[in-house]
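# Notes for the structure review
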Amino acid sequence: MRRALELARQAWGRTHPNPMVGAVITEGGKVVAEGFHTKAGEPHAEVMALRALGRKPAADAVLHVTLEPCCTHGRTPPCVDAILASGLRTVVVGARDPNPAHVGHGLDLLRAKGVAVVEGVLGEECAALNLIFNHWIVRGTPLLALKVASTLDGKLTLPAGQGRAITGPESQAYVHRLRRLYPAIAVSADTALADNPRLTARGDDGETCPVRFVLDSAAPPRSPTSRGTRPRASRSGRWSATKLPS
Ligand SMILES: [Zn+2]
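As the structure is a computational prediction, the values presented were derived from the model and not from experiment. (Residues numbered from 1 in each chain as written. Predicted model: local features only at pLDDT ≥ 70, side-chain atom pairs only at ≥ 80, totals over all residues.)

## Topic: the sheet that holds strand β4 (residues 90-95)
Spatially, the 5 strands line up as an open sheet ordered β2-β1-β3-β4-β5, and their pairing is mixed. Only two strands of the sheet have a single partner each, and these edge strands are β2 (30-36) and β5 (116-119). Neighbour-to-neighbour, the strand axes of the sheet open up by a mean angle of 20°, direction not taken into account. Pairing of β4 with β5, which is carried by 4 bridges, proceeds in the parallel orientation. The residue of β5 that forms the bridge with threonine 90 is alanine 116. (Pairing = 2+ DSSP bridges. Helix = DSSP H or I, 4+ residues; strand = E, 2+ residues; numbered from the N terminus. Axes fitted to C-alpha atoms, helices over the stretch in contact; angles between N-to-C directions.)

Shown next as structure tokens:
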């Protein structure tokens, strides 16, 4: 399961609105195939692993998957069907599908067909991997994260003349890795006007540009574009000004 989690993270921030999922097939205790969900619309991790195997699993084969296999048709057929068709007889699952309409159903279907199911292996870690998806699928609202750079004594900037950044390369890299997970980033109009931020995630896999929001109680006249400055967007993301209630 630890390896399946590693595989799932290879699609870090690229599976929205789907969760990240990794899968490993073992035979005789040895890994014989791996797969992970690369992005929405592409095959799920279980199917990728079965394809990577390229043959019928051995009688003692075990599928390890970080998230409960899906049991309904989405953009792709249900993985439960693919597992049953493959002849796999044992499935080890990390976290249950958090969708209230589906939770546990995939496991029930497998068990009903005689497949041995073990669940909860590294369960907390597997669930935590998809905190944004979990929040949205359970509550129907976006998960909001507030980023604050602050000193331990509550200061937000250095004294005048000592530069501006109170963070360092490590924290900035961490922020960009987290930012990669979020499909939208918002700043206040004052920040947009003062800093003209790119609002992109910049990491090892390049620069990505989610939907960007400028929160402005006086929108649209104070939007950066109307002031003659242009967002430093390098990609096709767009700025959206949202008027806040006053
Ligand atoms: Zn699936």
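## Quick notes on the nonpolar core
Counting residues in hydrophobic clusters, the biggest one holds 36 residues, and the most contacted among them are Ala8, Ala23, Ala49, Leu63 and Val65. Contributions of two or more residues to this core are made by α1 (2-9), β1 (22-27), β2, α2 (45-53), β3 (62-67), α3 (79-86), β4 and α4 (105-112). Top contributing element to this core by residue count: α2, with 6 residues. In contact with leucine 63, other than residues within four places in its own chain, are Ala23, Ile25, Glu46, Ala49, Ile83, Leu88, Val91 and Val92. (Core = buried A, V, L, I, M, F, W, Y, C linked by C-beta atoms within 7 Å. Buried ≥ 20, exposed ≤ 12 C-beta atoms within 10 Å, placed from the backbone. Contact = placed C-beta atoms within 7 Å.)

## Section: the pairing of β1
Sheet topology places β1 next to β2; 6 bridges connect them, and they run antiparallel. When the sheet's bridge partners are listed, isoleucine 25 is paired in β2 with alanine 33. Here β1 folds back onto β2, and the loop between the two strands holds 2 residues, one of which, glycine 28, carries a positive phi near 60°. Looking at chain direction, β1 and β3 are connected through 4 bridges and run antiparallel. Within the sheet, the bridge partner assigned to isoleucine 25 lies in β3 and is leucine 63.

## Here's the deal with unusual backbone geometry
Each neighbour pair has its own omega, and for histidine 16 with proline 17 the value is 5°, a cis peptide bond. As for its position among the elements, proline 17 is in the loop between α1 and β1. Phi is positive for leucine 122, close to 50°, though the residue is something other than glycine. When you line up the elements, leucine 122 lands in the loop between β5 and α5 (123-128). Judged by C-beta crowding, with 18 C-beta atoms within 10 Å, leucine 122 ranks as partly exposed.

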